[in-house]
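Each chain is listed here by its residues.
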Amino acid sequence: MELMQERLEHAYRIRNRLAAGIARISGVNLTGTSDDKKMAPHIVHVTCPGLKAEVLVHALEKSGIYISTKSACSSNRSEPSSVLLAMGYDRQQAQSGIRISYGFDLTEGEADYFLDHLSLAVKMLVPAAQKSTSRREKRL
């Protein structure tokens with residue numbers, strides 16, 4: 001309890017660092033409000049339209065980063081996020097969401113490591129996803 005306020009402030013600093021870094025990555029969109037005090041301090045959620053969330057999750061696993069596509073209580077469902085759909089996101093966006101959860105001991109260096117690898121993964125995967133889409137369109 002003695003460290004609760006300090007840890008909470010640290011978690012919000014990390015959240016703000018992640019949000020700022022995500023804003024600089026083309027093709028990745030932060031979901032929710034920009035008012036960090038209305039958001040959970042230890043969870044960041046993003047969408048990557050044009051990418052399947054599972055593909056991005058597996059790409060980040062190769063760098064030792066383990067994130068999820070949904071909360072544990074809805075992880076067995078294959079449908080798009082009902083929360084994102086209710087927030088007005090389209091089906092493609094709702095299927096591209098990833099959930100980044102972290103402990104109160106995450107360091108700024110670890111947050112930067114995540115951002116670097118997220119950026120690399122998106123740069124690698126987006127062109128592949130676009131090629132796959134254009135091949136499908138040619139067959140139609």
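Quick caveat: nothing in here was measured; it's all calculated off a predicted structure.

Within the protein chain, residue pLDDT values average 84, and 81% of them lie at 70 or more. Mean pLDDT across the elements of the protein chain bottoms out in helix α5 (residues 108-139) (77) and peaks in helix α2 (residues 53-61) (94). Taken together, the stretch residues 132-140 has pLDDT below 50 and engages in zero contacts with residues farther than four places along the chain or on a different chain.

This part covers α2. For α2, the full list of buried residues reads Ala53, Leu56, Val57, Ala59 and Leu60. Looking down the long axis of α2, one finds its buried residues gathered within 165 degrees of arc, a one-sided arrangement.

This brings us to the environment of leucine 18. As for its placement among the helices and strands, leucine 18 is situated in helix α1 (residues 4-23). Considering only alpha carbons, one finds leucine 18 and leucine 115, 97 residues apart in sequence, at a separation of 7.1 Å. With near-sequence residues (within four places) excluded, leucine 18 lies in contact with Val44, Tyr102, Ala111, Phe114 and Leu115.

The rules behind these values
Each chain carries its own residue numbering, running from 1 in the direction its sequence is written. With pLDDT at 70 or above as the cut-off, local features in this predicted model cover only qualifying residues; side-chain atom pairs require 80 or more to be listed or tallied, and sums for whole chains, interfaces and linings still use all residues. Only heavy atoms go into the side-chain values, all of them from the structure, while hydrogens and water stay out. Scored between 0 and 100, pLDDT is the confidence that the predictor attaches to each residue. Think of it this way: any DSSP run of H or I at least four residues long counts as a helix, any run of E at least two long counts as a strand, and we number them from the N terminus. The contact definition used throughout considers only heavy atoms, calling two residues in contact when any of these lie within 4.5 Å. We call a residue buried when its accessible area falls under 20% of the maximum for its residue type, exposed when it is over 50%, and partly exposed in between, using a 1.4 Å probe and counting protein chains only. By arc we mean the arc of the directions from the helix axis to the C-beta atoms, nothing more.

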